[in-house]
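Geometric and topological summary
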Amino acid sequence: MFQTGNIGRTMHRANIWESICLSHGCSLCLDVLACPVISNCSHTFCGECLDTYMVKVCEDASSSPSVAHYCPLCKEEIVSVTFERIFHRDICEKIASAGLCANDNPAMAEWKRRCEVYEQKMQQNRVHKFCGRNDHDSDDDNSERNEDDFTRRVFFLALTVVLIVVIAKARM
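Residues numbered from 1 in each chain as written. Predicted model: local features only at pLDDT ≥ 70, side-chain atom pairs only at ≥ 80, totals over all residues. Heavy atoms only, no water.

Brief notes about a nonpolar patch on the surface
Together, Phe156, Leu159, Leu163 and Ile167 give the surface a local cluster of nonpolar side chains, amounting to about 350 Å² of exposed area. Judged by relative accessible area, which is 36%, Leu159 ranks as partly exposed. (Patch = residues over 30% accessible without salt bridge, like charges linked within 9 Å, V, L, I, M, F, W, Y side chains within 5 Å. Areas by Shrake-Rupley, 256 points an atom, 1.4 Å probe, with all protein chains shown as cover. Salt bridge = Lys/Arg side-chain N within 4 Å of Asp/Glu carboxyl O. Buried < 20%, exposed > 50% of the residue type's maximum accessible area, 1.4 Å probe, protein only.)

Dropping the structure here:
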């Protein structure tokens, strides 16, 4: 006998994913926003998609001494971009309430991977900015002092993260 229950569930999950994609979609990759960022002109993109777009613009205009970045949708100059936590949380809540998991949907597995990769990239950028370090910095005369300073800053960063987690758990 032919079982239609699994096909129905699969189609239902695919429809839910499509509806999330339509309501929370990236204008560049046309998929569900992965780590959404919002520009100063209020357009929302996947963080990695906008980064890739901006790098491509820089490569295309490499002969220009100063490259301004413009929104791919409205062409307004992008002067600031911020991670859109509320939008990201809304997407995650829709996925959780629908009971979707990465094993059920290859597109969702890819979305989850893209989110993890971009979150790691953002974390590395925060550490570099917080510590005031650049991968190209090298000062041999003050290397020991720089190591101590770096260690102290990382310690305080870790302490801050722990305090934020403790406060967040206390509020739950």
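Digging into the environment of Leu100
Relative to the helices and strands, Leu100 resides in the loop between α3 (85–98) and α4 (106–131). Judged by relative accessible area, Leu100 falls into the buried class, the value being 9%. A sequence separation of 86 residues divides Leu100 from Ala14, and the C-alpha atoms of the two residues are 9.4 Å apart. Setting aside anything within four residues of it in sequence, one finds Leu100 in contact with Arg13, Ile16, Trp17, Ile20, Ile95 and Met108. (Helix = DSSP H or I, 4+ residues; strand = E, 2+ residues; numbered from the N terminus. Contact = heavy atoms within 4.5 Å.)

Notes on the packing of aromatic side chains
Within the structure shown, the criterion is met by one aromatic pair. A centroid spacing of 6.1 Å and a plane angle of 75° characterise the contact between Trp17 and Trp111, whose relative ring orientation is edge-to-face. Of this pair, Trp17 sits in helix α1 (residues 5–23) while Trp111 sits in helix α4, placing them 94 residues apart in sequence. A relative accessible area of 6% means that Trp111 is categorised as buried. (Phe/Tyr/Trp six-rings, centres within 6.5 Å; stacked < 30°, edge-to-face > 60°.)

The values are spatial; any link to function lies outside them.
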